[in-house]
Amino acid sequence: MRATFLYEAGDVRVEDAPDPVIEQPTDAVVRVVRSCVCGSDLHPYHNLAAADGPASIGHEFIGVVEELGSEVSGLERGDLVVSPFVFADNTCEYCREGLHTSCPNGGWYGSGGVGGAQAEAVRVPQAQGTLVKLPAGVDEGLLPSLLTLADVYGTGYHAAFRAGVEPGDSVTVIGDGAVGLLAVLSAGELGAERIILMGRHKDRTDLGRFFGATDVVAERGEEGIARVREMTGGHGTRAVLEAVGHLPAYETAVGVVRPGGVISRVGVPQYEDAPVGFGSLFGPNVSLTGGPAPVRAYIDALLPAVLDGSLEPGRVFDRTVTLDEVPDGYRAMDRREALKVMITF
């Protein structure tokens, strides 16, 4: 089969690779129908050392079940499925609490001997607990939105859910990438009355308005903080959803959250140290939450509105490439020429 590998920062190649096979009775092999490039893939694209490559990459996909291990039930060959970006058994105490990213029998695509999803096929460990069967004969036009359930929609929803967004709430979303835009969508679905989107790319913030943003703030840093404070009577908003992952975004979140509010981070943090002391979080009683989204916990709830077309999270895909064109997709996202790139097979 053909699969994508990151050799070092900036060096993405699509090469021949061994076909995945069943290794454990809980495995499945899935032929990929749609995959994509994630904003978090850009972190190793910027930073991977040559000594750590080549790395199999990609973690979001929809596909068709080709093979099943002897212990997998509830799925059949030919089923169309969506996979969360991490696999999990869906039965352990953490999974039962909706924390699939901490499953002791789980893991991440592209690591630990499991291939990445920017490939023609993937071995899925813990297939019964991981894969979600989609209806037979689903309209192909829904595939982009269904693909967002693998990560970005569930991650945007996780940001809003962990922040406790509720009807009448005021929310600031930091970041106009795909996750930030779907955090806007999710905050609106949970009833937020005012949603301030902090982003400076007009095509993206226009999509954010379509998803429900009531205001857009293009300024950054202290200017951006001052603008949000001005718009909210000097207080800031109760919920702040940080979907970037860089320290300036976190510092902005601290600057725009109101006393007693909550910062929910879902952008993969590219830092270890950040303000948490008296002047930042402790003094104003601000809570800090978030983390990698256990999207398996949310798919069943989010799926119906995607299937009936009442929500269109797939609008975040603004460029489509073939597998062999994936390196071009990375360059386009890195240069901000594409919001999110979908891969067709």
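Definitions and cut-offs
Residues numbered from 1 in each chain as written. Predicted model: local features only at pLDDT ≥ 70, side-chain atom pairs only at ≥ 80, totals over all residues. Heavy atoms only, no water. Salt bridge = Lys/Arg side-chain N within 4 Å of Asp/Glu carboxyl O. Helix = DSSP H or I, 4+ residues; strand = E, 2+ residues; numbered from the N terminus. Buried < 20%, exposed > 50% of the residue type's maximum accessible area, 1.4 Å probe, protein only. Contact = heavy atoms within 4.5 Å. Pairing = 2+ DSSP bridges. Axes fitted to C-alpha atoms, helices over the stretch in contact; angles between N-to-C directions.

1. Side note on the pattern of salt bridges
Tallied over the full model, the rule gives 18 salt bridges. Among the ionic pairs, Arg2 bridges to Asp16, the shortest N-O distance being 3.3 Å. With Arg2 in strand β1 (residues 2–8) and Asp16 in strand β2 (residues 11–16), this residue pair connects regions lying 14 residues apart in the sequence. By relative accessible area, Arg2 is classed as partly exposed at 27%. Owing to a relative accessible area of 62%, Asp16 belongs among the exposed residues under this scheme. Across the pair Asp300 and Arg296 runs a salt bridge whose closest N-O atoms are separated by 3.5 Å. Here Asp300 and its partner Arg296 are both found in helix α11 (residues 296–307), four residues apart, which amounts to about one turn of the helix. Residue classification places Arg296 among the buried positions, given a relative accessible area of 14%.

2. A few points about helix α12 (residues 326–334)
Listed as buried for α12 are Val326, Pro327, Gly329, Tyr330, Ala332 and Met333. Packed against the buried residues of α12 are β1, β2, β3 (28–37), α1 (42–47), β17 (319–322) and β18 (341–344). Directly beyond the C-terminal end of α12, a positive phi value near 60° is found at Arg336.

3. Observations concerning the sheet that holds strand β12 (residues 194–198)
If you walk across this open sheet you meet the six strands as β13-β12-β11-β14-β15-β16, and the pairing is parallel. Only two strands of the sheet have a single partner each, and these edge strands are β13 (215–217) and β16 (287–290). Strand after strand, the sheet turns through a mean of 20° between neighbouring axes, direction not considered. Taken together, the four bridges between strand β11 (residues 170–174) and strand β14 (residues 237–242) define a ladder with parallel strand orientation. By the bridge assignment, Thr172 is partnered in β14 with Val240. Sheet contacts for helix α9 (residues 247–256): β11, β12, β14, β15 (257–265) and β16; angle to β15, the most-contacted strand, approximately 150°.

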